[in-house]
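# Chains, contacts and geometry: an overview
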Amino acid sequence: MGPSSFADVGRYMVVDPYARARLAEASEVLGYDLLDRFYDSTDEYSTYHQLAFVVNSTALADRAERELGERPGICTGPSFGQKAAAAYVGSLSFADVLRLTAEWAELEQEYFRTEHRDVVTQTVTRVPEEPFAEFLAGLSDRGEYHDLSGRLDDGFLMVSVREPVLDELKAAVSAMGGYSMQTMRPPVHAAAFGALRLRAELEVLDRYDVGAPRLTLVNDSDGSIVRTGEGMRAMLLDTFDRPIDWPAVTGTLHDLGVDRLVITGPDNLFGRLDRTKKNFDVLAVDPKGVARGLFVPGARP
């Protein structure tokens, strides 16, 4: 999820007709005014923040299609973007994606209140491979927990550790010439969360009918092509306990002949990565751009 506080995206959600239409649908499905609850929410990963992200990503895809004529044949949804992607490729209806998002968000909150309470996911960049591997090996030698939660680019990683080790991790990254970026609470995409994955499957996903994608869909955890409903189910569940692998995704997109990416949603990461910019022409259709009057016929940058 990119920047999704009400301060970041609220004006867009109020003024954009595509966002208003998706908001109205979401409020009817959920049984409450999503915009009001989003406005009152302060936790950046709350149920309402997550729902707003799905609404905005989908509404921006609507705009990209109808106003800019962008009709892709290939789709991917890295990390939380999986949910909007599932609706876009028709594996789940938009209404079911909203319900699934809300139920999974509440399950995650319940889970992390009692399990892995001291674990966070830290994003680091410009870390040299061998010295960083040696640092992680040292943690293992001490019996200290760590998991790879994401490989975003060369030297650009997401790592889950216990919070008491966080300052040590940041200091080691700095000593290697790297930088520490976002710290995520609760943590994400870690092998240690297999029990959460199982609960998400048995308590929630099993009640949904997940179909095969109608577009070519690239799995964000390994770059494989998702062809079936079972494959989509597996991809959605993988987000709990498998790291994302953006280099694998971009490699598959390149092999498929893709040279242009249209990114619809609040994003300050994937569209800006060196690997993305070097390999693709990128058009980021985002809430702030729409609020400034971009992304309408004749105004495309």
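Residues numbered from 1 in each chain as written. Predicted model: local features only at pLDDT ≥ 70, side-chain atom pairs only at ≥ 80, totals over all residues. Heavy atoms only, no water.

## Looking at unusual backbone geometry
In this chain, Arg185 is followed by Pro186 through a cis amide linkage whose omega measures 5°. Mapped onto the fold, Pro186 is located in the loop between strand 5 (179-184) and helix 9 (194-204). Of note, Arg126 is a non-glycine position whose phi angle comes to about 60°, a positive value. Residue classification places Arg126 among the exposed positions, given a relative accessible area of 58%. (Helix = DSSP H or I, 4+ residues; strand = E, 2+ residues; numbered from the N terminus. Buried < 20%, exposed > 50% of the residue type's maximum accessible area, 1.4 Å probe, protein only.)

## Some words on the packing of helix 2 (residues 17-30) against helix 6 (residues 94-114)
Where helix 2 contacts helix 6, the two axes come as close as 10 Å, and the packing angle between them is 60°. The orientation of helix 2 with respect to helix 6, classified from their angle, is oblique. Classified by chirality, the crossing of helix 6 by helix 2 is right-handed. Contacts from Arg22, Glu25, Ala26, Val29 and Leu30 in helix 2 reach Phe94, Ala95, Leu98, Arg99 and Ala102 in helix 6. Residues that form the contact of helix 2 with helix 6 fall into these classes: seven nonpolar, no polar and three charged. (Axes fitted to C-alpha atoms, helices over the stretch in contact; angles between N-to-C directions. Parallel < 35°, antiparallel > 145°, perpendicular 65-115°, else oblique. Left-handed = near helix turned anticlockwise from the far one by under 90°. Contact = heavy atoms within 4.5 Å. Nonpolar A, V, L, I, M, F, W, Y, C, P; charged D, E, K, R; others polar.)

## Notes on the side chain of Thr276
On the secondary structure map, Thr276 appears in helix 12 (residues 274-279). Residue classification places Thr276 among the buried residues on the basis of a relative accessible area of 0%. A polar contact of 2.7 Å, which involves the side chain of Thr276, links it to the backbone oxygen of Phe270. Each residue touching Thr276, except ones within four places of it in the same chain, is listed here: Trp246, Leu261, Phe270, Gly271 and Val282. (Polar contact = N/O pair within 3.5 Å; in protein donor to acceptor, adjacent residues only side chain to side chain.)

## A short note on helix 2
For helix 2, spanning 14 residues, the distance from its first C-alpha to its last is 20 Å, which sits close to the expected 20 Å at 1.5 Å a residue. Looking only at helix 2, the buried set comprises Tyr18, Ala19, Arg22, Leu23, Ala26, Ser27 and Leu30. Buried residues of helix 2, seen end-on, are gathered within an arc of 160° and therefore sit on one face of the element. In this fold, the buried residues of helix 2 make contact with helix 1 (6-15), helix 3 (34-40), helix 4 (47-66) and helix 6. N-capping of helix 2 is provided by Asp16, with a side-chain oxygen placed 3.1 Å from the backbone N of Tyr18. (Expected span 1.5 Å × (residues − 1). Arc of directions from axis to C-beta.)

## Re the sheet that holds strand 8 (residues 244-245)
The strands that make up a sheet are held in pairs by hydrogen bonds between backbone atoms, and each pair lies either parallel or antiparallel. The strand order 5-2-4-3-8 describes an open sheet built from five strands, whose pairing is mixed. If you trace the sheet from one side to the other, it starts and ends with strand 5 and strand 8, each paired once. Here six bridges tie strand 2 (residues 119-125) to strand 4 (residues 156-162), and the two strands are oriented antiparallel to one another. Across the sheet, Val119 pairs through a bridge with Arg162, a residue of strand 4. (Pairing = 2+ DSSP bridges.)

## Examining the side chain of Gln122
In this structure, Gln122 sits in strand 2. Within polar-contact distance, the side chain of Gln122 engages the backbone oxygen of Met181 at 3.0 Å. A distance of 3.3 Å separates the side chain of Gln122 from the backbone oxygen of Gln182, its partner in a polar contact. Excluding residues that lie within four positions of it along the chain, Gln122 makes contacts with Leu157, Met158, Val159, Leu166, Leu169, Lys170, Ser180, Met181, Gln182 and Thr183.

## A closer look at the pairing of strand 3 (residues 146-153)
In the sheet, strand 3 pairs with strand 4 via six bridges, with the strands oriented antiparallel. For Asp147, the partnering residue across the bridge sits in strand 4 and is Ser160. Counted between consecutive antiparallel strands, the loop separating strand 3 from strand 4 contains two residues, among which Gly155 sits at a positive phi close to 70°. When strand 3 meets strand 8, the two strands line up parallel, connected through two bridges. The partner of Arg151 across the bridge, within strand 8, is Asp245.

## A few points about the pattern of salt bridges
Going through the model one piece at a time under the given rule, you end up with 23 salt bridges. A salt bridge links Arg71 to Glu65; its shortest N-O distance comes to 3.3 Å. Under the relative-accessibility criterion, Arg71 is labelled exposed at 60%. Taken together, the shared-partner salt bridges in this structure form one network comprising Arg197, Asp238, Asp241 and Arg242. (Salt bridge = Lys/Arg side-chain N within 4 Å of Asp/Glu carboxyl O.)

## Some words on the sheet that holds strand 7 (residues 225-226)
Spatial ordering of the open sheet is given by 1-6-7, a layout of three strands whose pairing is mixed. In the strand order of this sheet, the two ends are held by strand 1 (74-76) and strand 7, each with one partner. Of the strand pairs in this sheet, strand 6 (residues 216-218) and strand 7 are connected by two bridges, and their pairing is antiparallel. Residue Val218 lies in a different strand from strand 7, and its bridge partner there is Ile225.

## Here we look at the packing of helix 9 against helix 10 (residues 229-241)
Following both chains from N to C, one finds helix 9 and helix 10 inclined at 145°, their axes separated by 8 Å at the closest point. The chirality of how helix 9 crosses helix 10 is right-handed. Contacts between helix 9 and helix 10 involve Gly194, Leu196, Arg197, Ala200 and Glu201 from the first element and Arg233, Ala234, Leu237, Asp238, Phe240 and Asp241 from the second. Looking at the contact of helix 9 with helix 10 residue by residue, the class counts come to five nonpolar, one polar and five charged.

By themselves, these figures tell us nothing about what the structure is for.
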